[in-house]
Amino acid sequence: MSKRPTFILDDQEVPFEPGQTVLQAALAAGRYIPHLCYHPEFRPHGSCKVCTARVDGRMMAACTTPASPGINVESETEELNDLRRMLVQMLFAEGNHFCPSCEASGNCVLQALGYDLGVLTAGFRHMFPVRPVDASHPDILLDFNRCVLCELCVRASNEVDGKGVFALSGRGIDKHLVVNAESNQLADTDIALDDKAMEVCPVGVILKKRVGFAVPIGERRYDRAPISAQALADAPRSPEHKK
Amino acid sequence: MSAAPPRKLKVATTSLAGCFGCHMSLLDIDERLFPLLDKIQFDRSPLTDIKHCGKCDIGIIEGGVCNAENVRVLQEFRANCRILVAIGACAVTGGLPAQRNHLDLGLCLQEVYETEPSLSKGCIPDDPELPLPLDKVHPLHEVVKVDYFIPGCPPSADAIWSFLTDLIAGRTPRLGHGLISYD
């Protein structure tokens, strides 16, 4: 059996399969690199940059950088975690993230990343943008205040549901999530409760109505264990790294 | 002959645009208040009812900044406290009061005082003793320099205890998983 190629992640060898990215190989080997817009079931997108690592001296998004033999990847450094903290802080300051009144609290990737990275304050001036909610659908609520533009719902709706319900529109600070209906109302799309797009929102934008507090705050996913542990538990693991 | 006991640290606390939930959480450290009181002495605080902040080692502030009086109190704390701590979601992010920030303040006041059915003959209060509301609610760090932040709505008693014991012992406070909470 031929030995798999490896690269170096924070001074330790990580084996990989051809076609894997640095982030995929790291997770498969049980090594956590903080990330937000990456989801193991979708093509990497590289939009949030939380997984930025130093690859052979250059800053690269670990989710889109192909693993290749012998590259030297630094991730767990104070410099990179400072950068990640700043990215998370900017996302908090740019939207309206009122955790105490958010029903996704405890299940929210942005919040859990903040906990894990030790973010105690957004630091920046909060922008308090005006982003009305869309409550037009009888069973589904869209709260755009929390959108971090990860495009996971866009990818899920296009690639799995085949519906194209969501898209991003505008540029720069005006970029925002829209729905594919002439009225711009979710009620006029063909979204359904069992769509993949309903599952993937990492924050609290796409919500099923009337189930918000079925699991109490304090007993939710990231209340139980930090996101670093949860991400490794979820990742497809290489046979030699399975317990 | 035994050495003199170490000087107690002076601590001031106040609530700006807050609900006193963070002060309740401070009290919720329960019997640990006794060893804490061996090491600190309260200056201005709702617990002492002292009206102005003297020279202090630590100032702990809950609530955001929503009116002119909040600005004055915050500046007095900053001028007098060696270390300023923003405690709770409102002080750290603006919190619940900041949910009015994307609305027009005048329309908010009209809605509350002129169109609410139970106040159908009401008017917007304009007594000169009432502090002038600010157009927006601000977290503390947008007004003065803040040294430490304890997020949470409110932070748990354990988070406050862990933070204070670290700070009093001269260690850099660190809140790990389970103690950092934004809700």
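Report follows, based on the coordinates. The residue count restarts for each chain, going from 1 along the sequence in the order it is written. Labels follow written order: the first chain is A, the first ligand is 1, and so on. Given that this is a predicted model, residues contribute local features only at a pLDDT of at least 70 and side-chain atom pairs are listed and counted only at 80 or more, while totals for whole chains, interfaces and linings are drawn from all residues. Computation of side-chain values: all heavy atoms of the structure, hydrogens and water removed.

**A short note on the overall build of chain B**
Where helices and strands are cited, they refer to DSSP runs of H or I of at least four residues and of E of at least two residues respectively, numbered from the N terminus. What chain B contains, in helices and strands, is 6 helices and 7 strands. Starting at the N terminus and ending at the C terminus, chain B contains elements arranged as β-α-α-β-β-β-α-β-α-α-β-β-α. Taken along its principal axes, the extent of the C-alpha atoms in chain B is 70 × 35 × 30 Å. Taking all 183 residues of chain B together, 45% fall into the buried category. In this description, contact between two residues means that some pair of their heavy atoms is separated by no more than 4.5 Å. Within chain B, residue pairs in contact and separated by at least 24 positions form 76% of the contacts whose partners lie at least 6 positions apart. Partly exposed describes any residue whose relative accessible area lies between the buried limit of under 20% and the exposed limit of over 50%, with all areas from a 1.4 Å probe on protein chains only and scaled to the type maximum.

**Quick look at helix α4 (residues 152-159) of chain A**
Taking burial as the measure, the 8 residues of α4 of chain A include 6 buried ones, the bulk of the element. Where α4 of chain A is concerned, the buried positions are Leu 152, Cys 153, Val 154, Arg 155, Ala 156 and Ser 157 of chain A.

**Details of the interface of chain A and chain B**
Of the residues lining the interface, 27 residues belong to chain A; the matching set on chain B comes to 22 residues. Taken over both partners, the interface formed by chain A and chain B buries close to 2000 Å², and the fraction arising from carbon and sulfur atoms is 62%. Of all residues in chain A, Tyr 115, Leu 120 and Phe 128 of chain A bury the most surface against chain B, accounting for 33% of the area lost on that side. A pair is scored as a salt bridge if a Lys or Arg side-chain nitrogen falls within 4 Å of a carboxyl oxygen belonging to Asp or Glu. For the interface between chain A and chain B, the tally reads 1 salt bridge. Contacts described as polar in this section are N or O atom pairs within 3.5 Å, which, within protein, must combine one atom able to donate a hydrogen with one able to accept it, while residues neighboring in sequence count only if both atoms come from side chains. Counting every contact that joins chain A to chain B gives 10 residue pairs in polar contact (both at pLDDT 80 or more). Across the side of chain A that touches chain B, the residue classes break down as 15 nonpolar, 9 polar and 3 charged. Buried area is understood as the total, over both parts, of accessible area removed when two parts are fitted together, assessed with a 1.4 Å probe. Ten residues, namely Ala, Val, Leu, Ile, Met, Phe, Trp, Tyr, Cys and Pro, are considered nonpolar, four, namely Asp, Glu, Lys and Arg, are considered charged, and the remaining ones, Gly among them, are considered polar.

**Side note on helix α2 (residues 78-94) of chain A**
Residues and elements named next belong to chain A. Expected helix span is taken as 1.5 Å per residue step, with the number of steps being one fewer than the number of residues. Its 17 residues place the ends of α2 24 Å apart at the C-alpha level, agreeing with the 24 Å of an ideal helix rising 1.5 Å per residue. Regarding α2, the residues found buried are Leu 80, Asn 81, Arg 84, Arg 85, Leu 87, Val 88, Gln 89, Leu 91, Phe 92 and Ala 93. Contacts made by the buried residues of α2 are with β3 (52-55), β4 (58-61), β5 (72-74) and α3 (109-117).

**Details of the pattern of salt bridges**
Residues and elements named next belong to chain A. Going through the model one piece at a time under the given rule, you end up with 21 salt bridges over all chains. The salt bridge partner of Lys 196 is Glu 41, with a shortest N-O separation of 2.7 Å. Of this pair, Lys 196 sits in the loop between β8 (176-179) and β9 (206-208) while Glu 41 sits in the loop between α1 (22-28) and β3, placing them 155 residues apart in sequence. Exposure remark for Glu 41: the relative accessible area of 52% places this residue in the exposed category.

**Remarks on a nonpolar patch on the surface**
Each patch is built from salt-bridge-free residues with over 30% relative accessible area, joining like charges within 9 Å and nonpolar side chains (Val, Leu, Ile, Met, Phe, Trp, Tyr) within 5 Å. Shrake-Rupley sampling with a 1.4 Å probe provides the accessible areas, and residues are treated as covered by the protein chains on show and by no other component. A cluster of nonpolar side chains, namely Phe 20, Met 24, Leu 27 and Leu 47 of chain B, defines an oily patch on the protein surface of about 360 Å² accessible area. Here Met 24 of chain B is to be found in helix α1 (residues 21-27).

**Let's talk about the side chain of Arg 155 of chain A**
All names here are of chain A. Mapping Arg 155 onto the fold places it in helix α4. When charges are tallied, Lys and Arg are placed among the positive residues and Asp and Glu among the negative ones, while His and the ends of the chain are skipped. Buried Arg 155, no salt bridge; nearest opposite-charge side chain is Glu 151, N-O distance 5.4 Å. A distance of 3.1 Å separates a polar side-chain atom of Arg 155 from the backbone oxygen of Cys 150.

**A word on the environment of Val 73 of chain A**
All names here are of chain A. Secondary-structure assignment places Val 73 in strand β5. Among the residues examined, Val 73 registers a relative accessible area of 0% and is labelled buried. Counting along the chain gives 14 residues from Val 73 to Met 59, while the straight-line C-alpha distance between them is 9.6 Å. Those residues within four positions of Val 73 in sequence are excluded, and the remaining contacts are Phe 7, Ile 8, Leu 9, Asp 10, Val 22, Ala 53, Arg 54 and Val 55.

**Some points on the sheet that holds strand β1 (residues 6-9) of chain A**
Residues and elements named next belong to chain A. Taken together, 5 strands build an open sheet; the order of strands is β2-β1-β5-β3-β4 and the sheet is mixed. Of all the strands in the sheet, just β2 (12-15) and β4 have a single pairing partner and so form its edges. Neighbour-to-neighbour, the strand axes of this sheet turn through a mean angle of 40°, independent of strand direction. Where β1 meets β2, 4 bridges bridge the pair, whose relative direction is antiparallel. Within β2, the position partnered with Ile 8 by the bridge is Glu 13. Helix axes are fitted to C-alpha atoms over the stretch in contact, other axes to C-alpha atoms as well, and angles between N-to-C directions run from 0 to 180 degrees. Packed on one face of the sheet, α2 meets β3, β4 and β5 and runs near 150° to β3. Strands qualify as paired when DSSP identifies two bridges or more between them.

**As for the layout of surface pockets**
Residue and element names in this part refer to chain A. For the largest pocket, the calculated volume is near 1000 Å³. Secondary-structure elements contributing two or more residues to the lining of the largest pocket are β9, α5 (221-224) and α6 (227-234). Per-element tally for the lining of the largest pocket: the top contributor is α6, with 4 residues. Here the lining of the largest pocket is built from residues that sort into 22 nonpolar, 6 polar and 9 charged. Whether a set of points on the 1 Å grid over the protein atoms alone is a cavity depends on a 1.4 Å probe fitting there but being unable to get out, while an open set qualifies as a pocket with protein on both sides within 12 Å along at least five of seven lines; lining residues are those with an atom within 4 Å of a point. Grid points are joined across faces, edges and corners, and a volume is the space filled by probe spheres set on the points. In this model, the second largest pocket occupies a volume close to 610 Å³.

**What about the nonpolar core?**
For our purposes a nonpolar core is just a set of buried Ala, Val, Leu, Ile, Met, Phe, Trp, Tyr and Cys residues, chained together by side-chain atoms within 4.5 Å. Among the nonpolar cores identified, the biggest contains 96 residues, and Phe 7, Leu 36, Leu 110, Phe 166 and Ile 206 of chain A are the most heavily contacted of them. Of all the elements, helix α6 (residues 157-168) of chain B adds the most residues to this core, at 7 residues. In this structure, Cys 56, Leu 74, Ala 86 and Ala 91 of chain B belong to the second largest nonpolar core, which totals 18 residues.

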